[in-house]
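# Structural features, examined
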Amino acid sequence: MFETLPAVGMDPILALMAAFRADSRDQKIDLGVGVYQNDSGRTPVMASVKEAEAKLMELELTKAYQGIAGDPDYNKHMMALLFGPRHRILNSGRIKSIQAPGGSGSLRVGAEVVKRASPNAKLWLGTPTWPNHVPLLGSAGFEIEQYPYYNPTTHQINADGMMETLRQVPAGDIVLLHACCHNPTGTDLTNEQWDQIADLALERSFIPFIDAAYQGLGDGLDEDGYGMRMMAERLPELIIASSCSKNFGLYRERTGSVTFITENSEQAEIVASQAMAVARQTYSMPPAHGALLVSLILGDEQLRANWEAELEEVRLRIKSMRILLTDGIKGNPAGFDFGHIERQKGMFSFLGITAPQIDRLRDEFGIYIVSSTRVNLAGINSGNIGYISDSMNRVLS
Ligand code: LMR
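Just so it is clear, the structure is predicted and the values come from calculations on it, not from any experiment. (Residues numbered from 1 in each chain as written. Predicted model: local features only at pLDDT ≥ 70, side-chain atom pairs only at ≥ 80, totals over all residues. Heavy atoms only, no water.)

## What about the site of the ligand?
For clarity, the cut-off: What makes a residue near a molecule or strand is one non-hydrogen atom of that residue sitting within 4 Å of it. Polar contact is the term for a pair of N or O atoms within 3.5 Å; when the atoms are in protein, one must be able to donate a hydrogen and the other to accept it, and sequence-neighboring residues count only if both atoms are side-chain atoms. Under the convention used here, a 1.4 Å probe and the Shrake-Rupley method define accessible areas, while residue burial counts only the protein chains that appear. Using a grid of 1 Å spacing that covers the protein atoms alone, one calls a set of points a cavity when a 1.4 Å probe fits there but cannot get out, and a pocket when the set is open and has protein on both sides within 12 Å along at least five of seven lines; lining residues are those with an atom within 4 Å of a point. For a cavity or pocket, the test is whether more than half of a molecule's atoms lie within 2 Å of its grid points; if they do, the molecule sits there.
Residues in contact with the ligand, as listed here, are I13, V33, G34, W130, N183, Y214, K246 and R374. N183 places a polar side-chain atom, nitrogen or oxygen, 2.9 Å from an oxygen atom of the ligand. K246 places a side-chain nitrogen or oxygen 3.0 Å from an oxygen atom of the ligand. Look at the ligand: alone it shows 260 Å² of surface, and the protein chains cover 80% of it. Cavity membership is defined here by more than half of the atoms lying within 2 Å of grid points; on that basis the ligand lies in the largest pocket.

## As for the layout of surface pockets
Rules: Grid points are joined across faces, edges and corners, and a volume is the space filled by probe spheres set on the points. Secondary structure is summarised from DSSP: a helix means a run of H or I of at least four residues, a strand means a run of E of at least two, and numbering begins at the N terminus for each. Amino acid classes used here: Ala, Val, Leu, Ile, Met, Phe, Trp, Tyr, Cys and Pro are nonpolar; Asp, Glu, Lys and Arg are charged; the rest, including Gly, are polar.
Space inside the largest pocket adds up to approximately 1,200 Å³. Contributing to the lining of the largest pocket are 47 residues, with V33, G34, V35, K246 and Y251 lying nearest its centre. Taken together, the elements giving at least two residues each to the lining of the largest pocket come down to α1 (12-22), β1 (29-30), α2 (47-59) and α4 (102-117). With 5 residues, the single largest contributor to the lining of the largest pocket is α1. Residue composition of the lining of the largest pocket, grouped by class: 19 nonpolar, 17 polar and 11 charged.

## Points about the packing of aromatic side chains
Stated formally: Ring pairs shown here join Phe, Tyr and Trp side chains whose ring centres sit within 6.5 Å, with only the six-membered ring taken for Trp; geometry is labelled stacked below 30 degrees between planes, edge-to-face above 60, and tilted in between. In our convention, an over-ring charge means Lys NZ or Arg CZ found within 6 Å of a ring centre and within 35 degrees of that ring's normal.
Scanning all chains against the criterion turns up 5 aromatic pairs. If you follow K28 out to its NZ or CZ, it ends over the ring of F20, 4.5 Å from the centre. The residue whose ring lies beneath K115 is F142, and the NZ or CZ to ring-centre distance is 5.4 Å.

## Overview of empty space enclosed by the protein
In the structure shown here, the tally under the stated rule is 1 cavity of 30 Å³ or more. In this structure, the largest cavity encloses a volume near 40 Å³. Together, M78, L81, L82, A212, Q215, S242, S243 and N247 line the largest cavity. Sorting elements by how many residues they give to the lining of the largest cavity places helix α3 (residues 72-83) first, with 3 residues. Looking at the lining of the largest cavity residue by residue, the classes come out as 4 nonpolar, 4 polar and no charged.

## Here we look at the sheet that holds strand β8 (residues 207-212)
So the rule is basically this: We call two strands paired when DSSP finds no fewer than two bridges between them. Angles run from 0 to 180 degrees between N-to-C directions of axes, and those axes are lines fitted to C-alpha atoms, restricted for helices to the stretch in contact. Contacts: residue pairs with any heavy atoms within 4.5 Å of one another.
Spatially, the 7 strands line up as an open sheet ordered β2-β10-β9-β8-β7-β3-β4, and their pairing is mixed. Both edges of this open sheet fall to β2 (95-101) and β4 (144-148), since each of them pairs with a single strand only. Taken pair by pair, the neighbouring strands of this sheet meet at an average axis angle of 25°, ignoring direction. Sheet analysis places strand β3 (residues 123-127) next to β4, joined by 5 bridges and oriented parallel. Looking at the pairing, G126 lines up with Y147 of β4. Together, β2 and β10 (255-261) form the strand contacts of helix α9 (residues 265-282), whose direction differs from that of β2 by roughly 10°.

Here you go:
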């Protein structure tokens with residue numbers, strides 16, 4: 001049966017992660033996959049998560065299945081985190097959220113539900129976007145269209161191009177947006193641009209599908225929620241896939257949720273039933289551990305305050321690494337202006353250097369960066385910034 005089955009290449013980000021692990025050199029630095037590292041170059045378990053784990057050890061009396069929708073408390077806490085605890089949408093009856101395996105599982109459940117509701121809807125992705133959006137959402141059966149997002153010359157959003165294209169999106173199509181900390185460009189929509197896209201969504205009747213994988217890593221938990229909160233206020237329909245991988249550091253626990261906002265409460269019930277049917281037909285039940293931890297943290301004042309403080313530390317550390325890298329390479333021999341790195345947000349920015357330069361950084365200096373030139377700023381620390389800057393300056397000479 002498998003004789004004629006061809007092998008497929010690995011996703012470029014995961015291939016780079018594997019190559020880094022296989023590299024036996026002592027001097028190697030991972031600026032590839034979007035995983036946070038602290039100033040010692042480690043990806044620690046957050047102290048608030050550790051504390052919640054200790055609590056869970058005591059409290060957890062069973063490993064019996066949760067329901068298909070996961071932990072109801074987790075779902076409530078996640079909605080309050082996305083929208084803020086006092087948002088009107090929370091008590092409107094128009095919203096339903098189910099726990100799903102990580103941000104990717106949440107995106108996929110959302111996509112499958114859209115496909116059931118509207119089989120001919122097309123999916124609009126910004127260029128560029130997280131490369132896995134294409135196979136992950138495309139294999140749900142969507143025809144994919146693109147709208148311009150980032151201008152690599154100005155290192156800013158191609159606002160005119162984006163709005164012009166979005167103005168032509170047919171009614172009922174889906175437009176994927178990044179809530180904050182845009183992956184891979186680090187360039188976020190301004191609040192004004194969010195407002196304009198909401199205007200267009202109302203005018204054109206397209207439906208935004210927001211990928212919220214980095215809430216709290218940009219400007220803060222509330223600030224990063226602006227687009228979602230405003231759209232939940234103004235639009236009849238909205239889908240959000242959220243993840244606790246980055247902001248709780250729960251990567252391997254696959255902790256996410258998919259949230260649907262519908263026109264009325266009957267539709268919300270129907271959509272939730274469809275989402276649960278999708279879950280049942282794919283993974284059956286979501287993994288519990290990460291969601292129970294998040295639920296414990298968000299439901300306990302002290303733990304929550306500790307987590308928020310830790311997240312703030314993560315956010316500010318990445319921000320300061322942006323400044324250090326910009327400083328370290330501002331006198332580069334090629335005269336390139338890397339000022340955008342300092343201005344952008346979240347884990348990533350494009351360096352905008354050439355493919356041979358990226359290869360040289362890896363082969364000669366052991367510095368791993370995705371071939372698109374996306375650099376994970378959270379892999380930089382006070383111990384390796386000198387080496388990274390020197391290596392880049394040499395490669396740019
Ligand atoms: C990334 O973009 O590096 C992360 O979101 C990890 C992944 O799965 O690609």
